[in-house]
Every structure is written in C-alpha cells, then in structure tokens.
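So the chains spell out like this:
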Amino acid sequence: MSGGPGPDRAPGAGHEPPPGTVRPTSRRLLVAIVVLGAAIGWTLVKAIESGGGVAPMISWLTLVAWSFLAALLFVAARNTHQRIQVRRERVEPSRAVFLLLIGKASAFVGALCSGVYAGFALSFLGAVSSSGPRNRVITAGAAAVISVLVVTAGLMLERACRIPDDPDETP
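Residues numbered from 1 in each chain as written. Predicted model: local features only at pLDDT ≥ 70, side-chain atom pairs only at ≥ 80, totals over all residues. Heavy atoms only, no water.

> Can you walk me through the pattern of salt bridges in this structure?
Within the structure shown, the criterion is met by three salt bridges. In this structure, the salt-bridge partner of Arg-87 is Glu-89, at a minimum N-O distance of 2.8 Å. Judged by its relative accessible area of 33%, Glu-89 falls in the partly exposed class. Taken together, the shared-partner salt bridges connect Arg-83, Arg-87 and Glu-89 into one network. (Salt bridge = Lys/Arg side-chain N within 4 Å of Asp/Glu carboxyl O. Buried < 20%, exposed > 50% of the residue type's maximum accessible area, 1.4 Å probe, protein only.)

So this is what it looks like as structure tokens:
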C-alpha cells in the first residue's frame, strides 16, 4: 500500500521531511537561477541594442542600495544566530517564519539579480576597450558581486533560523 507510512516507519522517516519543516535552500537551484538570470541579462541587452536602443546604465545608487540590503541581512543573520543558536532563546513563531521567509526570498532574488547583472556585464565585455562599455562592465560586475553577498546573507539568515537540537533530549 502506498501513500502513508507503514507500521514500521515513522512519519518523516526516509526522504520526506517531517510535517511542518522547511527544507534548506538548494545550492543547485540557486546556481540554476543565476544561470537563468545571466541568460536574461545578456539577451535583454542584445535585444535592446538590436532594436536600435541603448541599454540602460546601472547607477552607483543601485550598488549602495544592494550593499545596504546585504548589510541588513548580515546583521539580522548574526542577531538571529546569537539569539536562537547561542543563547537558545525562544523566538515567537511568527517572527521566526518571517525571518526565514526574508532569508529565502533574499537568496532567490539575489541569485536572479546576480545572474542578470553578470549577463549584462558579459554582453559589454567585447567592447571593454572604450570607456562607456568599460564603465558598464565595472558597475554591472560590482552589482553582481554585491548581489552574491545578498545571497550569502540570505542563506546565513535562513540557517540561523534552524531550531537547534536539544542536547538534554534523548530519543
């Protein structure tokens, strides 16, 4: 019979996580999102230029905003880690879910944007000898790197939200 655990198997034993748990974000999925984003960024620039337009510049304000977001996420990850993992304080469930959601969303959005910025930079790499494309490669490359920091901070926040195993509890 399929569909449920047998009498000799506990719920959650095997490959399925127990009910109410969230799986960690897959690194493979994040890499796939980065690759998809790079294809989107490169294609977008080529489509704009083939239509006679000029691809937009990435402003330095974008870099500042992404850096600020990464810093906030790193601080939230550190504080959450200290609170849950080190001091073993109880966190309100809705707050923990919110932090977990922010961490996962930041990892996914950061991965997509990192890919788009990298694709954008790659599309101008052939003309890097002139100053306009060189500036685009530099700012897009910096944005891609900062977006990777957002991904890292999001994953750290997600990891900080894990409930530690209770050493006093024995199975």
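> How should I be thinking about the packing of aromatic side chains in this particular structure?
For any pair of aromatic rings, the description rests on two quantities: the centre-to-centre distance and the angle between the ring planes. Within the structure shown, the criterion is met by two aromatic pairs. For the ring pair Trp-66 and Tyr-117, a centre distance of 6.4 Å and an interplane angle of 90 degrees mean the geometry is edge-to-face. Taken as a pair, Trp-66 in helix H2 (residues 60–86) and Tyr-117 in helix H3 (residues 93–124) lie far apart in primary sequence, 51 residues in all. The two residues Trp-66 and Tyr-117 agree in class, both being buried. (Phe/Tyr/Trp six-rings, centres within 6.5 Å; stacked < 30°, edge-to-face > 60°. Helix = DSSP H or I, 4+ residues; strand = E, 2+ residues; numbered from the N terminus.)

> What exactly am I supposed to notice about the packing of H2 against H3 here?
At a closest axis distance of 11 Å, the pairing of H2 and H3 adopts a crossing angle of 145 degrees. Considering only the axes of H2 and H3, their crossing is left-handed. The residues of H3 that touch H2, namely those facing Thr-62, Trp-66, Leu-73, Thr-80 and Arg-83, are Arg-95, Leu-99, Ile-102, Ser-106, Val-109, Gly-110, Cys-113 and Tyr-117. (Axes fitted to C-alpha atoms, helices over the stretch in contact; angles between N-to-C directions. Left-handed = near helix turned anticlockwise from the far one by under 90°. Contact = heavy atoms within 4.5 Å.)

> Honestly, the environment of Val-35 in this entry has me stumped. Any pointers?
With respect to the secondary-structure elements, Val-35 resides in helix H1 (residues 27–50). The exposure class of Val-35 is exposed, given its relative accessible area of 53%. Along the sequence, Val-35 and Ser-114 sit 79 residues apart, while their C-alpha atoms lie 9.2 Å from each other.

> I would appreciate a short explanation of the side chain of Arg-136 in the present structure.
By the element assignment, Arg-136 lies in helix H4 (residues 131–160). Notably, Arg-136 is buried but unbridged: the nearest opposite-charge side chain belongs to Glu-49, and the N-O separation is 6.0 Å. Not counting residues up to four positions away in its chain, the partners in contact with Arg-136 are Val-54, Ala-55, Pro-56, Met-57, Phe-120 and Phe-124. (Lys, Arg positive; Asp, Glu negative; His and termini not counted.)

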